[in-house]
Amino acid sequence: MPNTPKSSKLSRKMAATNGLFYPIAGLASLVAFVFLSFVDVREFFYKEPSLSFVERNGVQFVLDGRPFYVNGWNSYWLMDNAVEDHSRPRVRAMLQAGSKMGLTVCRTWAFNDGSSYHALQISPGQFDEKVFKALDYVVAEARRSGVRLILSLVNNLQAYGGKTQYVKWAWQEGIGISSSNDSFFFDPSIRAYFKDYVKAVLTRKNTITGIKYKDDAAIFAWELINEPHCMSDPSGDTLQDWIKDISAFIKSVDEKHLVTVGLEGFYGPKSPKSNTNPSASAYEATLGTDFIRDSQFPTIDFASVHIYPDHWLVTDKVEDKLEFVKKWMLTHVEDGDTELKKPIMFTEYGLSNQNKGFDLSQRDQLIQTVDDVIYKSAKRGQSGAGSMIWQLMVGGMDEYNDDFGFVPWERRPTLALITKQSCRLALIHGRSQLSPSIKELCAHRR
């Protein structure tokens, strides 16, 4: 720096302090070092993107006053992978990749109950803060990526604890009234456990964003339970009572978010549509669920349906499976339009790679079939509000994969189908909230 009058004045001022400048600078550096050692810099400089809540108007979702149709996916593993430093980058990679494909909603687990690895709820009302911070990270990264989340609150299956763990807790404490897994739905003590858990999640203040979950528009909806069954009461009355109570409880804590049950879409034994169920033996009618009855409560904002033709049907013919998928979807869309008068979301669908004669083009055919039903429904303003494939991964995740998971960018025809649907749904109503990369992508498809 030249020795200008300004620089000379600064030099004289520093000399006059008899070297005091240097200890002060050193102290400031030490404070900064200590601060950065204990604070995640990414979290400290987190900037909150602006998001609006998705709402419901009749049979449609609406965002900022305009219809909103979902092209989404499942990655159940996000919270589990966000716990440890070595696996956390997978979460950001998946959410950012989903956003770049134009996917708008991701469904994932907001539970892990018991003594298992990375358990969120260790015992009733007791949480591992490290795992809760992992869920904070998932929600924050979804917001950063412009993706919304459906957070499922408990599993009907034993994976990640599920309803079985709640029954074990009550039994171990000597207050359970039955050792049956279905007592999750009718035992008052277990219901109290679950309500405490739900309230803890809904009122959680995110340590990264500073936003309570119940106030965060990055959360699309709460899902009560993944694939509920209550076979001890095939009439469905027990599950009905549970759905009514828990959904009303959620609405009493959180008025802003949508709520869904988590159903597979099976019709009950008294339903006139029970013959639409996939099993010739009427097995689905014994599960204690009924799509219409379970979805009709005013505290349930949209109905959920799953689609697994290869697990549900005995045929090996791809054509028969795809025909069933189309019929299964259309009958539920009809229910949404005429009976329930609310949106229908196909929150899981997939095709196993273990099928006899499986090849990747068959999965593409399934995606195309599902996408076409949703697109036509969207164009007509009907209740078929979106679909979510099971499940998407990033590379190197074999331990989390099942026979349905895949990395979408590893196969160009599959990736092209996914982005095509994103653009079709976005352009129906000329949506303007797409990211610049998707706007460019969709512009080439006009």
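Residues numbered from 1 in each chain as written. Predicted model: local features only at pLDDT ≥ 70, side-chain atom pairs only at ≥ 80, totals over all residues. Heavy atoms only, no water.

If you look at the biggest cluster of nonpolar residues, it comprises 110 residues, and the most contacted ones within it are Phe184, Phe194 and Trp242. Beyond its immediate chain neighbours, meaning those up to four positions away, Trp242 contacts Phe184, Phe185, Arg191, Phe194, Leu224 and Ile225. Within the second largest apolar cluster, 14 residues are counted, among which are Phe61, Phe68, Ile150 and Met388. (Core = buried A, V, L, I, M, F, W, Y, C linked by side-chain atoms within 4.5 Å. Buried < 20%, exposed > 50% of the residue type's maximum accessible area, 1.4 Å probe, protein only. Contact = heavy atoms within 4.5 Å.)

Right, let's get into the confidence of the model for the chain. Across the chain, pLDDT averages 88, with 85% of residues at or above 70. Considering only residues more than four positions removed or in separate chains, one finds that residues 1–45, a stretch of pLDDT under 50, has 15 contacts. (pLDDT = per-residue confidence, 0-100.)

This part takes up the packing of helix α9 (residues 188–202) against helix α10 (residues 237–253). With their axes 10 Å apart at the nearest point, α9 and α10 run at an angle of 30 degrees to one another. In terms of orientation, α9 and α10 fall into the roughly parallel class. Judged by the sense of rotation from one axis to the other, the crossing of α9 with α10 is right-handed. For the pair α9 and α10, contact is made by Arg191, Phe194, Lys195, Val198, Lys199 and Leu202 and by Asp241, Trp242, Asp245, Ile246, Phe249, Ile250 and Val253, respectively. Tallied by class, the residues present in the contact of α9 with α10 amount to eight nonpolar, no polar and five charged. (Axes fitted to C-alpha atoms, helices over the stretch in contact; angles between N-to-C directions. Helix = DSSP H or I, 4+ residues; strand = E, 2+ residues; numbered from the N terminus. Parallel < 35°, antiparallel > 145°, perpendicular 65-115°, else oblique. Left-handed = near helix turned anticlockwise from the far one by under 90°. Nonpolar A, V, L, I, M, F, W, Y, C, P; charged D, E, K, R; others polar.)

What follows is about the sheet that holds strand β11 (residues 303–307). Spatial ordering of the open sheet is given by β10-β9-β8-β5-β4-β13-β12-β11, a layout of eight strands whose pairing is parallel. Each end of this open sheet is capped by a strand with a single partner; those strands are β10 (258–260) and β11. Going across the sheet, the axis of each strand differs from the next one's by a mean of 25 degrees, ignoring polarity. (Pairing = 2+ DSSP bridges.)

Next up on the list: helix α14 (residues 360–379). With 20 residues, α14 extends 29 Å from end C-alpha to end C-alpha; this agrees with the ideal 28 Å at 1.5 Å per step. Positioned one or two residues after α14, Gly381 has a phi angle of 70 degrees, which is positive. (Expected span 1.5 Å × (residues − 1).)

Following the criterion strictly, the structure yields one disulfide and no others. The side chain of Cys423 participates in a disulfide bridge whose partner is Cys442; the two sulfur atoms lie 2.2 Å from each other. Residues Cys423 and Cys442 are joined by a disulfide whose S-S torsion is about -85 degrees; by sign, that bridge is left-handed. In this pair, Cys423 is assigned in helix α15 (residues 412–428) and Cys442 in helix α16 (residues 436–443), connecting sequence segments 19 residues apart. Exposure remark for Cys423: the relative accessible area of 2% places this residue in the buried category. Exposure remark for Cys442: the relative accessible area of 2% places this residue in the buried category. (Disulfide = S-S within 2.5 Å.)

Applying the stated rule across the entire model yields 29 aromatic pairs. Between Trp312 and Phe324, the aromatic rings sit 6.3 Å apart at their centres with planes inclined by 85 degrees, giving edge-to-face as the arrangement. On the criterion of sequence distance, the pair formed by Trp312 in helix α12 (residues 309–312) and Phe324 in helix α13 (residues 318–340) is long-range, its members being 12 residues apart. No difference in accessibility class separates Trp312 from Phe324, as the two residues are buried. Ring pairs connect the aromatic residues Phe266, Tyr267, Phe291, Tyr308, Trp312, Phe324, Trp328 and Phe404, which therefore count as one cluster. (Phe/Tyr/Trp six-rings, centres within 6.5 Å; stacked < 30°, edge-to-face > 60°.)

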